[in-house]
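Below, each chain spelled out in residue letters.
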Amino acid sequence: MSKSRNDKLQGTLTLLILRTLEARGPLHGYGLCSHVQVVSSDLLRVEEGSLYPALHRMEQDGWLKSSWQLTDKGRKAKIYSITAQGRKQLASERDSWERLTRGVAQVLHNS
Amino acid sequence: MSLFRKLRNTFRGNALSSELDNELAFHVAERADELIAQGLPKDEAFLQARKAFGNSSLVKERTRDMNIAGWLDAVREDFAYAWRQLGLNPGFTAIAVLSLGLGIGANTAIFQLIDGIRLRGLPVERPSELAALNRPRDFFVSGAYTSRNVAFTSAQLASLSKHQRAFSELLFFNDTRFNMSPGGRPHYVDGLFVSPSFLHVLGLRPILGRDFASDEAQSCADSGVLISHSFWTAVFGGDMNVVGKLLTLEGQKVPIIGVTPAGFYGVEPGLKFDIAAPLCADRMFATDGKGRLEDPMAWWLAVIGRLRPGWTVAQASKHLLEISPAVFRESLPAEYRPDAAKRYRANKLDAVSASSGMSLVRRQYESPLWILMCISGVVLLIACANLANLLLARGSAREREIAVRQALGASRSRLVLQMLSESVLLSFLGAVAGLALAKGLTRSLLTFLGGSDAIQFHLPLDLDRRIFLFTGSLACLTCLLFGLVPALRASAASPISSMRGSRTSTSTRERHGLRRILVISQVALSLVLLVAAILFTRSLAHLFASSVGFDARNVLVATISARTAGSVNPDDRAGLFRAIDARFAKVPGISSYSAVRFVPLGGFGWNGNVHADNDKLLSAGQLSWFDRSGPGYFATMGTSLLTGRDFTPHDDVHAPEVAVVNQSFAKRFFGGKNPVGRSFRIEEGAGKADRIYQVVGLVADTKYSELREDPQPIAFFPVAQDKEVGTERTFVFRVNTVADGVARSLQREVAAVNPNLLVEFKLLHVQIQDSILRERLMANLTAGFGFLAALLSTLGLYGVMSYLVARRRSEIGIRLAIGADRADVFGLVVRDALFMVAVGIVAGLCASLLLSKYAESLLFQLKGNDPLTLVMGCLLLLGTALAASMLPAYKAASVQPTIALREE
């Protein structure tokens with residue numbers, strides 16, 4: 001089921017978006033999608049159905065800002081970039097993610 | 001910031017939506033580009049890209065939700081929906097908005113008046129520190145009283161100022177009017193005589209020119225007058241160089257020294273002043289050269305003081321009570337007889353809050369206005385009940401729709417909110433209509449209260465914050481009253497039962513119980529209002545029908561004033577008036593005329609204590625009213641002369657002093673026996689000999705000061721025997737037709753004698769109508785409200801009966817099919833309606849009996865529980881209710897059983 005992929009990504013979508021924008025600079029939604037896919041060697045796929053609501057929510061929260069720009073191909077695209085508040089959020093989410101994975105790993109290996 | 005953006009986005013739905021479309025389309029296009037690069041044909045590529053994207057409308061909706069305030073969006077949707085609903089039923093909307101508008105408008109208009117005369121503080125500095133000097137009950141007053149407020153003599157106030165410690169400063173004022181015309185028809189403006197402390201006590205400063213100096217009370221040599229801001233703008237067009245200009249007041253030139261601040265109308269809410277002159281001007285304008293400043297018998301000055309810091313009104317009252325003996329000992333007029341002096345010295349003073357000023361208008365109209373406020377509130381209640389009923393009917397018509405929505409998962413609160421939004425819209429529209437109506441209503445009420453030319457009422461009519469607050473809360477309240485119950489009711493239906501059968505079952509009684517209760521309370525409330533309307537209308541009719549003892553139709557009253565006619569001494573005045581009197585005889589169109597001192601019901605009077613000839617007692621006599629008239633007065637007025645004779649031209653200063661008395665006088669002083677040939681004496685001041693008068697005639701009773709009074713003893717004396725001729729002389733003329741031509745001819749005759757004389761004309765019956773303005777106001781308004789209430793509740797009854805008949809169509813069809821008579825069906829419906837009306841009437845009767853005693857003080861010759869009135873109210877209501885139930889009953893009786901049953 002396609003839904004399972006979604007579920008796994010649920011909590012991490014924010015983290016992935018923030019990290020990608022921090023590393024790669026401003027991107028549009030499609031760029032974000034393909035970038036995550038490429039960098040994760042096709043292990044992760046961001047689903048459009050979750051991506052756009054998440055982008056808009058994060059923009060309302062002030063973690064991202066957006067602007068309409070013309071791409072190389074002459075199309076108008078909405079480009080997102082990370083804000084200072086977004087970087088703070090990234091740091092804290094990254095921190096908690098790492099603690100979570102460390103914890104889960106320890107449970108998996110030591111019990 | 002985010003919330004603000006969300007709120008903004010909620011109302012830019014289209015822009016937001018197209019932005020989203022663009023963004024998502026871009027995504028699909030990029031994916032398609034990639035697929036094309038992999039070698040797919042264009043169409044195939046787009047199809048695949050869209051497939052991969054998934055349910056794009058779902059994505060769009062979810063993304064949109066991130067950008068808007070959800071609750072607000074729901075509210076916006078509800079209102080848009082409600083607006084469309086109202087547009088779909090223009091008839092319902094019009095009735096609802098109109099009835100709410102009338103109700104809210106009437107309430108707002110009356111509130112505006114009450115606010116103006118009672119609730120609002122004076123437009124001065126810290127009005128709560130102001131207190132007025134007051135007289136407790138049983139205060140003994142004797143002398144010349146010339147104020148519409150609680151007034152005192154100059155001597156009392158001088159003594160008070162010396163002893164009192166409660167006030168940091170006092171202001172004295174006398175209300176008056178100043179004539180600005182040099183001759184001919186007078187031109188009056190509202191005036192005040194004020195102490196120099198006037199503005200200072202109130203914490204105000206002139207916006208132009210200067211205030212009075214503190215020594216301007218005594219000498220007017222270098223003084224002038226202050227004019228009000230409204231007078232300044234109306235008469236001088238806001239001229240900045242107005243200070244120093246001369247006004248002609250009472251024939252004398254007086255300079256303007258300053259202009260008072262905008263919005264300051266004086267200290268009497270409901271009235272205004274145009275010109276404030278210093279107290280010394282009273283002496284300057286007085287025809288006897290003395291005025292009231294040093295007259296110990298002249299009660300003319302009202303008093304307002306600013307309390308010292310830390311003093312309350314109650315403490316001030318206590319203090320005034322303590323210094324009262326000293327004040328009345330020092331100010332005792334020498335002319336009082338011993339018994340009067342004793343009562344005078346026992347007088348007490350106290351203080352009342354003057355934060356909202358002192359007001360004649362308030363004393364006269366406060367309780368009528370509160371009654372009217374209650375009545376218009378009840379009208380609004382009835383309108384609300386009507387709307388609740390209509391909305392209930394709408395709710396049951398929408399039962400299915402609501403059931404579907406509930407079945408699809410709409411929450412109850414969401415449904416209630418949606419239905420309430422319709423009520424909110426209605427009450428908002430009603431409030432807007434009400435505010436628009438209120439402006440006109442208040443204006444016409446004020447015009448009505450102004451009478452033909454009596455006192456001009458003045459109230460600020462701006463729709464300010466207080467009025468908006470009042471109207472707004474009224475609208476919210478009405479909205480909850482008529483909207484909440486129907487909304488709760490409609491959303492409470494269980495989806496299954498509403499969806500299963502539309503018309504099959506006869507509806508349960510319980511569901512219609514509420515509608516019946518609403519109709520019953522409407523009937524009860526309108527009965528209360530109808531009873532009030534009939535009470536006030538009959539009271540007015542009694543007043544009109546009460547025998548005044550004269551015929552007021554076609555009587556023209558002319559008042560001639562010699563105030564502006566230069567220095568004419570009293571003897572010359574008598575000659576002047578005699579000359580004018582003689583010239584009137586030649587004027588055509590007059591069947592008879594006479595001079596008179598006081599026109600009956602004109603608001604002025606003269607009284608004293610009388611002893612009959614054989615009464616040798618030294619104690620005080622009994623009170624009688626007095627008047628002076630010329631030969632032919634009784635014939636002119638249409639008062640019948642019972643025995644004896646009228647005055648003749650021979651009853652002058654050289655003849656013995658005579659009197660004509662009325663029946664009540666004869667009854668009180670001569671035991672009802674023929675008074676002609678008897679004599680009586682009037683008590684004079686201390687040290688003067690009592691005067692003896694011979695009775696020469698007996699006339700029928702006439703009203704003296706007001707229509708409501710019982711017959712009073714009156715004695716008339718000849719005008720020609722008046723030892724102290726005043727500056728004014730009044731004439732009454734019985735004219736053949738009421739036309740301005742006669743007045744013009746009379747005015748020409750007066751001008752021929754002296755062009756500087758002032759002449760004022762008035763019709764006696766107009767003057768009498770003006771004297772019962774309050775009664776007419778109550779009768780007219782309560783009748784209007786009663787009519788409105790009856791109309792609304794008739795509509796309500798009609799609506800409910802029609803609804804019930806429609807709901808019972810199949811039942812009626814069955815009844816008819818199994819043999820019921822059409823008359824039976826007709827009777828069934830009418831009986832049902834009459835039952836509700838009967839219950840309503842019983843409840844209404846109880847309420848009327850309880851409430852009507854509050855109106856009793858405003859009624860004339862009627863008790864609040866007057867049986868005829870109650871019966872009339874019940875019959876009227878029963879009649880209209882019967883009429884309202886006829887049409888539904890007829891419809892029920894003409895149901896075709898086959899058609900009604902086929903609908904199942």
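Residues numbered from 1 in each chain as written. Chains lettered and ligands numbered in written order. Predicted model: local features only at pLDDT ≥ 70, side-chain atom pairs only at ≥ 80, totals over all residues. Heavy atoms only, no water.

### Overview of the overall build of chain B
Argument step 1. Across its full length, chain B carries 28 helices and 23 strands.
Argument step 2. With the C-alpha coordinates of chain B rotated into their principal frame, the extents come out at 130 × 80 × 60 Å.
Argument step 3. The buried share among the 904 residues of chain B stands at 51%.
Argument step 4. Partitioning the intrachain contacts of chain B with sequence separation of at least 6 by distance along the chain shows that 80% fall at a separation of at least 24.
Argument step 5. For chain B, the accessible area works out to roughly 41,000 Å², and carbon and sulfur atoms hold 59% of it.
Argument step 6. On chain B, the mean spot of the 97 positive side-chain charges and the mean spot of the 79 negative ones are 5 Å from each other. (Helix = DSSP H or I, 4+ residues; strand = E, 2+ residues; numbered from the N terminus. Buried < 20%, exposed > 50% of the residue type's maximum accessible area, 1.4 Å probe, protein only. Contact = heavy atoms within 4.5 Å. Areas by Shrake-Rupley, 256 points an atom, 1.4 Å probe, with all protein chains shown as cover. Lys, Arg positive; Asp, Glu negative; His and termini not counted. Charge placed at Lys NZ, Arg CZ, Asp CG, Glu CD.)

### A few points about the overall build of chain A
Argument step 1. Helices and strands together make up the secondary structure of chain A, namely five helices and three strands.
Argument step 2. Secondary structure elements in chain A, listed N-terminal to C-terminal, are α-α-β-α-α-β-β-α.
Argument step 3. Within the span of chain A, comprising 111 residues, buried residues form 42% of the whole.
Argument step 4. Of the contacts formed within chain A by residues at least 6 apart in sequence, a portion of 51% connects residues at least 24 apart.

### Comments concerning the confidence of the model for chain B
Argument step 1. Confidence in the prediction for chain B averages 86 pLDDT; 94% of positions are at 70 or higher.
Argument step 2. Across residues 502-507 of chain B, where pLDDT falls below 50, the model places eight contacts with residues more than four positions away in sequence or in other chains. (pLDDT = per-residue confidence, 0-100.)

### So, the state of the cysteines
Argument step 1. Enumeration over the complete set of coordinates arrives at zero disulfides over all chains.
Argument step 2. Cys-476 of chain B takes part in no disulfide bond, and the closest cysteine sulfur, belonging to Cys-479 of chain B, lies 7.0 Å away. (Disulfide = S-S within 2.5 Å.)

### Some points on unusual backbone geometry
Argument step 1. Phi is positive for Asp-42 of chain A, close to 65°, though the residue is something other than glycine.
Argument step 2. Its relative accessible area of 53% is what places Asp-42 of chain A among the exposed residues.
Argument step 3. Even without glycine at this site, Gln-861 of chain B takes up a positive phi of about 55°.
Argument step 4. Looking at the element boundaries, Gln-861 of chain B is found in the loop between helix H26 (822-851) and helix H27 (867-893).

### Overview of helix H21 (residues 663-670) of chain B
Argument step 1. Within the sequence span of H21 of chain B, burial applies to Ser-664, Phe-665, Ala-666, Phe-669 and Phe-670 of chain B.
Argument step 2. For H21 of chain B, the secondary structure elements touched by its buried residues are strand S15 (607-612), strand S16 (622-629), strand S18 (658-662), strand S19 (679-682), strand S20 (691-699) and strand S21 (714-718) of chain B.

### Examining the packing of helix H2 (residues 13-24) of chain A against helix H5 (residues 84-110) of chain A
Residue and element names in this part refer to chain A.
Argument step 1. At a closest axis distance of 9 Å, the pairing of H2 and H5 adopts a crossing angle of 125°. Considered as vectors, H2 and H5 are oriented oblique to each other. As for how H2 packs across H5, the hand of that crossing is left-handed. On the side of H2, the interface is formed by Thr-14, Leu-15, Leu-18, Arg-19 and Glu-22, while H5 contributes Gly-86, Arg-87, Gln-89, Leu-90, Glu-93, Arg-94 and Trp-97.
Argument step 2. Broken down by class, the residue content of the contact of H2 with H5 amounts to four nonpolar, three polar and five charged. (Axes fitted to C-alpha atoms, helices over the stretch in contact; angles between N-to-C directions. Parallel < 35°, antiparallel > 145°, perpendicular 65-115°, else oblique. Left-handed = near helix turned anticlockwise from the far one by under 90°. Nonpolar A, V, L, I, M, F, W, Y, C, P; charged D, E, K, R; others polar.)

### Focus on helix H14 (residues 399-407) of chain B
Residues and elements named next belong to chain B.
Argument step 1. Residues of H14 that are buried: Glu-399, Ile-402, Ala-403 and Gln-406. All buried residues of H14 lie within an arc of 100° about the axis, which places them on one face of the element.
Argument step 2. Phi turns positive, to about 105°, at Gly-409, one or two residues after H14. (Arc of directions from axis to C-beta.)

### Examining the environment of His-27 of chain B
Argument step 1. Along the polypeptide, His-27 of chain B turns up in helix H2 (residues 13-37).
Argument step 2. For His-27 of chain B, a relative accessible area of 1% gives the class buried.
Argument step 3. When the C-alpha positions of His-27 of chain B and Leu-449 of chain B are compared, they lie 75 Å apart, and in sequence the two are 422 residues distant.
Argument step 4. Residues contacting His-27 of chain B, with those up to four places away along its chain left out, are Gly-29, Tyr-30, Cys-33, Glu-48 and Tyr-52 of chain A together with Phe-53 of chain B.

### Here's the deal with the interface of chain A and chain B
Argument step 1. Taken together, the contact pairs 22 residues of chain A with 23 residues of chain B.
Argument step 2. A buried area of about 2,200 Å², summed over both sides, lies between chain A and chain B, and 52% of it is on carbon and sulfur atoms.
Argument step 3. One salt bridge connects Lys-73 of chain A with Asp-33 of chain B, and the closest N-O pair in it is separated by 3.0 Å.
Argument step 4. Scanning the region where chain A abuts chain B turns up seven residue pairs in polar contact (both at pLDDT 80 or more).
Argument step 5. Going through the elements one at a time, helix H3 (29-39), helix H4 (48-61) and strand S3 (76-82) of chain A are the ones with two or more residues in the side of chain A that touches chain B.
Argument step 6. It is H4 of chain A that contributes the most residues to the side of chain A that touches chain B, nine residues altogether. (Buried area = accessible area lost by both parts, 1.4 Å probe. Salt bridge = Lys/Arg side-chain N within 4 Å of Asp/Glu carboxyl O. Polar contact = N/O pair within 3.5 Å; in protein donor to acceptor, adjacent residues only side chain to side chain.)

### Describing the pairing of S21 of chain B
Residues and elements named next belong to chain B.
Argument step 1. In terms of burial, S21 is a largely internal element, five of the five residues being buried.
Argument step 2. Side chains of S21 alternate between two faces, with Ile-714, Phe-716 and Pro-718 and Ala-715 and Phe-717 buried alike.
Argument step 3. Taken together, the five bridges between S16 and S21 define a ladder with parallel strand orientation. Considered in S21, the bridge of Ser-629 is made with Pro-718.
Argument step 4. Where S18 lies against S21, two bridges are found, and the strand directions are antiparallel. Opposite Val-660, over in S21, you have Phe-716 as the bridge partner. (Pairing = 2+ DSSP bridges.)

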